[in-house]
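The residues making up each chain are set out below.
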Amino acid sequence: MSRAALEIEVTGGAANRIPLALIPFQSPVGRPDPELTEIIGQDLQRSGEFRLIDTQGSQQPHDPAQIDYRVWNEKGAEAIVIGQVFRISASQYEIRFRLMDAVRKTQLAGLSMNVGADQWRAAAHKIADTVYEKLIGVQGIFNTRIAYVNKRGRQFELKVADADGQNPQTIVRSFEPLISPAFSPEGGRIAYVSFEDKKPVVYVQSLRDGSRRAVAAFKGSNSAPAWSPDGSRLAVTLTKDQGSQLYVINLNGGGVARLTSGGAIDTEPAWSPDGQWIYFTSDRGGSPQIYRMPADGGDVKRVTFDGDYNVSPATSPDGKQLAYIQREGGRFRVILQDLATSQTRVLTDSAHDESPTFAPNGKLILYATLHGGRGVLGTVTVDGRTRTRLTESGSDAREPVWGP
Amino acid sequence: MNRFLLSLLVMAGLAGCETLGLNDKTASIEDRTAPPPVASTASAQSGATVTPQGAATGRPGVETAGLGGTSVDRQIVEAKSLDGKTSAGPDPRKDPASPLSKRSIYFDFDSFTVKDEYRSIIEAHASYMMQNPQSRVILQGNADSRGSREYNLALGQKRSDVVRRVMTLLGVQDERLEAISFGEEKPRALGDTEADYAENRRTDIVYSDE
């Protein structure tokens, strides 16, 4: 099986990064690969909040009593991660980890976990989350999941993977296109658009048992599903009446309520986290721009004004920011807009970015882009300073969405 | 815990697909999506084939010839079926000489109006549908690959909707037409030259019995 590789590219100043000594854990021979601190280190680097200190050639403590703080203070470490792994049966391990304050010489966090070999990566993500939460004071997202569509030859695969792109599992496979996956708020279901019936139809599929239902298969095209924050309804784009218009429907396909009307395109709905607003893309002003309206329809206000192509809105978990794609000079890039001040910032430096989606803690944005002619997934921190690429050999990835 | 659920989910997910016959179904239908090579060639060089009907339809600006052509065509079909060569007779929609074999309506960049040169093709199909009351058509809109997939789906829909509107204005009942979009998902031209983009900005006329 091909393994996804994570390329981390740090741009801009590193002034605010916390210098962290991540010391390889003492582990028994035959432990699962890779070493835990490798996974933890990739997670923490991806967050853009840490600068990992070179630990090679220095002492390798595994226990607080072994730490020579002068060594690590000289290297500029503000925090130290140490740990040990013990084998407790053929495929069962005990992992002990501690996060130490290198300046105060005190323990900030400690954790002991018994895990199976198949939970190795999840354990590493749990440790990364603990370090992140203790030092940054924000919920970690390393144990969350993402979904995306991969094109393999003529086949389309809807996949669910760990947030770092590892452990991809195919949940739908089709010879016809799949687009626009969306996790339900609790993460147990995925809505998506499948073309298997020779037209776009919106399905909702259970991640538990794989059962699914066509929730929008009206005459014409059915697309762009977006879950209401309470998980009870979907905003969708339907063409059953006239043009591409926004509707909300119940999960059983009933209770269809139309939100927009007119001859223009209205699509790509995105709910505000409080459920009050729906952001969407419309060409009502001549070029595609992002607009906002109350979630039950009504007064529409334009949100984007720069340029003539702003599409694919995604709301941040706190509802204060909007990420979207802007075309400027033929390049499609990820933009972050503060909704209170309308100030915008270009987050990426590529040319074919699509489908931005926020991490559950609002600190990272996952998006699709092209690299070497293939579709790859990228992450960028909301300050735009740290970007990573998830690349898997032979894959052509697109349409990412970040789940809980 | 997570892992366990995931492995369950994958097994169940794949099983679900098989139950639904997703792969089989799509494989068998796949061929129908791509218009027959004859149709696409003909549409790419509209006006090149010279027949009484074809010449009239293919040339820009001759708008009514297609309608006349179709009715003549139908008489020929009936005559041929009397020959006893085939039991049902050749399908005029498959006759390269007929405007009915032309299935693609092309659009300019960022445009959603039917150009004059394609009007006669739509008229021929509208006429055929009115003479064949059981016929139903799916209009498949497409867009080039630049930008948002969902927005491109809506652009493709604009291109199928306008053909649907023209056909209903010509007298075809709306219930017999379905305008859908493939957006940028099923490109006929895979490159990223201007010519490729132009090839993908189109609506295909597909009969449900084909």
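Notes on the structure follow. From a predicted model like this one, the values you see are computed outputs, not experimental measurements.

1. Some thoughts on the interface of chain B and chain A
- Taken together, the contact between chain B and chain A spans 42 residues of the former and 55 residues of the latter.
- With both chains or domains summed, chain B and chain A bury close to 4200 Å², and 55% of this area falls on carbon and sulfur atoms.
- Its salt-bridge partner being K199 of chain A, residue E178 of chain B comes within 2.5 Å of it at the nearest N-O pair.
- The interface formed by chain B and chain A includes 16 residue pairs in polar contact (both at pLDDT 80 or more).
- Looking at the side of chain B that touches chain A, the elements that each hand over two or more residues are α1 (2-20), α2 (22-33), α7 (149-169) and β3 (177-183) of chain B.
- Tallying contributions element by element places α1 of chain B first for the side of chain B that touches chain A, with eleven residues.
- For the side of chain B that touches chain A, the residue count by class is 20 nonpolar, eight polar and 14 charged.

2. Digging into the side chain of R17 of chain A
All names here are of chain A.
- Within the fold, R17 resides in the loop between β1 (5-10) and β2 (18-22).
- Here R17 sits buried without a salt bridge, and the closest side chain of opposite charge, D383, lies 5.7 Å off (N-O distance).
- From its side chain, R17 meets the backbone oxygen of G48 in a polar contact 3.0 Å long.
- There is a polar contact of 3.1 Å between the side chain of R17 and the side chain of T386.

3. Some details on unusual backbone geometry
All names here are of chain A.
- Cis geometry is found at the peptide bond from D33 to P34, where omega equals -15 degrees.
- Relative to the elements of secondary structure, P34 occurs in the loop between β2 and α1 (36-46).
- At K198, a position not held by glycine, the phi torsion is positive, near 70 degrees.
- Along the polypeptide, K198 turns up in the loop between β11 (189-194) and β12 (201-206).

Conventions we followed
- Residues numbered from 1 in each chain as written.
- Chains lettered and ligands numbered in written order.
- Predicted model: local features only at pLDDT ≥ 70, side-chain atom pairs only at ≥ 80, totals over all residues.
- Heavy atoms only, no water.
- Contact = heavy atoms within 4.5 Å.
- Buried area = accessible area lost by both parts, 1.4 Å probe.
- Salt bridge = Lys/Arg side-chain N within 4 Å of Asp/Glu carboxyl O.
- Polar contact = N/O pair within 3.5 Å; in protein donor to acceptor, adjacent residues only side chain to side chain.
- Helix = DSSP H or I, 4+ residues; strand = E, 2+ residues; numbered from the N terminus.
- Nonpolar A, V, L, I, M, F, W, Y, C, P; charged D, E, K, R; others polar.
- Buried < 20%, exposed > 50% of the residue type's maximum accessible area, 1.4 Å probe, protein only.
- Lys, Arg positive; Asp, Glu negative; His and termini not counted.

These figures capture arrangement, not role.
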